[in-house]
Amino acid sequence: DTAVSQTPKYLVTQMGNDKSIKCEQNLGHDTMYWYKQDSKKFLKIMFSYNNKELIINETVPNRFSPKSPDKAHLNLHINSLELGDSAVYFCASSPAGRGNQPQHFGDGTRLSIL
Amino acid sequence: AQSVTQPDIHITVSEGASLELRCNYSYGATPYLFWYVQSPGQGLQLLLKYFSGDTLVQGIKGFEAEFKRSQSSFNLRKPSVHWSDAAEYFCAVGAGTYKYIFGTGTRLKVLA
């Protein structure tokens, strides 16, 4: 059973389009995250959600809108895609905590903007 | 400012040789420290973590790491590297509630 699953695995689209990435975890965790990994493998947190509530928004453009319908799901919608959005996006989850809980990561969604 | 530095972008070792990957952190309070491994096309997998207590922690796949507060370091080690260890390795610090800061990663190449 996959603990953290993301769909789709690959996403190729044109600049200006709108796209969504879905994430689900079956670990019973309270906290979920979105990370962006650029071409140099730098991993930067975008959002943290705890029990469906937004906790952290790391100065991400408002073209990115996360939505958590329940604590097992955290989706990411991106409007008006730009070339700079090309990256691998990782979803992760963890038990609630003060930075002292290990995270479980999905396999990533590789977004390519043409 | 909170930060994690992995000074080595690439490291190449021969199979069977020992390995040490460096990690330095900057964090005001007691750090929660993690090492993750990322194989190509996959997400990050936890290797080990340090919260408190014994400064030498054991992880999966034969890895260990040592926390040295005086040097603000949390270096990852393995006595004998296997070809399957080739991957990207990330050090991370828990930087407060629901926030983690990752280093830039070290890519490990293993020569047969």
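Basis of the calculations
Residues numbered from 1 in each chain as written. Chains lettered and ligands numbered in written order. Predicted model: local features only at pLDDT ≥ 70, side-chain atom pairs only at ≥ 80, totals over all residues. Heavy atoms only, no water. Salt bridge = Lys/Arg side-chain N within 4 Å of Asp/Glu carboxyl O. Helix = DSSP H or I, 4+ residues; strand = E, 2+ residues; numbered from the N terminus. Disulfide = S-S within 2.5 Å. Buried < 20%, exposed > 50% of the residue type's maximum accessible area, 1.4 Å probe, protein only. Phe/Tyr/Trp six-rings, centres within 6.5 Å; stacked < 30°, edge-to-face > 60°. Contact = heavy atoms within 4.5 Å. Buried area = accessible area lost by both parts, 1.4 Å probe. Polar contact = N/O pair within 3.5 Å; in protein donor to acceptor, adjacent residues only side chain to side chain.

**A short note on the pattern of salt bridges**
Okay, so step 1: For the structure on display, the rule yields nine salt bridges over all chains.
Okay, so step 2: With a shortest N-O distance of 3.4 Å, glutamate 82 of chain A and arginine 63 of chain A are connected by a salt bridge. Linking glutamate 82 of chain A in the loop between strand E8 (73-78) and strand E9 (87-94) with arginine 63 of chain A in the loop between strand E6 (53-57) and strand E7 (64-70), this pair joins segments that are 19 residues apart in sequence.
Okay, so step 3: Taking the shortest distance from any N to any O, the salt bridge between glutamate 66 of chain B and arginine 77 of chain B comes out at 3.1 Å.

**Description of the state of the cysteines**
Okay, so step 1: Under the definition given, this model contains two disulfides over all chains.
Okay, so step 2: One disulfide in the model links cysteine 23 of chain A with cysteine 91 of chain A; its S-S distance is 1.9 Å. With the S-S bond torsion at -80°, the cross-link from cysteine 23 of chain A to cysteine 91 of chain A turns out left-handed. Of the two residues, cysteine 23 of chain A is situated in strand E3 (residues 19-25) and cysteine 91 of chain A in strand E9; the sequence distance between them amounts to 68 residues.
Okay, so step 3: Taking the relative accessible area as the measure of exposure, cysteine 91 of chain A reaches 0% and is therefore buried.
Okay, so step 4: Covalently, cysteine 23 of chain B is tied to cysteine 91 of chain B through a disulfide, its sulfur atoms 1.9 Å apart. Across the disulfide from cysteine 23 of chain B to cysteine 91 of chain B, rotation about the S-S bond amounts to roughly -65°, and the bridge is consequently left-handed. With a gap of 68 residues between them, cysteine 23 of chain B in the loop between strand E3 (19-21) and strand E4 (24-26) and cysteine 91 of chain B in strand E10 (residues 87-94) connect regions that are remote in the sequence. Summarising the burial analysis for this pair, cysteine 23 of chain B and cysteine 91 of chain B share the class buried.

**Notes on the packing of aromatic side chains**
Okay, so step 1: Scanning all chains against the criterion turns up 17 aromatic pairs over all chains.
Okay, so step 2: Judged by centre distance (5.4 Å) and plane angle (85°), the rings of tyrosine 35 of chain A and phenylalanine 102 of chain B are edge-to-face. One end of the pair, tyrosine 35 of chain A, is in strand E4 (residues 31-37); the other, phenylalanine 102 of chain B, is in strand E11 (residues 100-102), on a second chain. Summarising the burial analysis for this pair, tyrosine 35 of chain A and phenylalanine 102 of chain B share the class buried.
Okay, so step 3: Judged by centre distance (6.1 Å) and plane angle (25°), the rings of tyrosine 25 of chain B and phenylalanine 67 of chain B are stacked. On the criterion of sequence distance, the pair formed by tyrosine 25 of chain B in strand E4 and phenylalanine 67 of chain B in strand E8 (residues 64-68) is long-range, its members being 42 residues apart.

**Here we look at the interface of chain B and chain A**
By a widespread convention, an interface's size corresponds to the accessible area lost as its parts come together.
Okay, so step 1: At the interface, 22 residues of chain B touch 28 residues of chain A.
Okay, so step 2: Looking only at chain B, the three residues that lose the most surface to chain A are Tyr98, Tyr100 and Phe102 of chain B, adding up to 36% of its buried area.
Okay, so step 3: For the pair chain B and chain A, the interface holds one salt bridge.
Okay, so step 4: Residue glutamate 58 of chain A is joined to lysine 99 of chain B by a salt bridge in which the shortest nitrogen-to-oxygen separation is 3.6 Å.
Okay, so step 5: Counting every contact that joins chain B to chain A gives seven residue pairs in polar contact (both at pLDDT 80 or more).
Okay, so step 6: Only strand E5 (32-38), strand E6 (44-50), E10 and E11 of chain B provide two or more residues apiece to the side of chain B that touches chain A.

Functional significance is not addressed by these values, which are geometric in nature.
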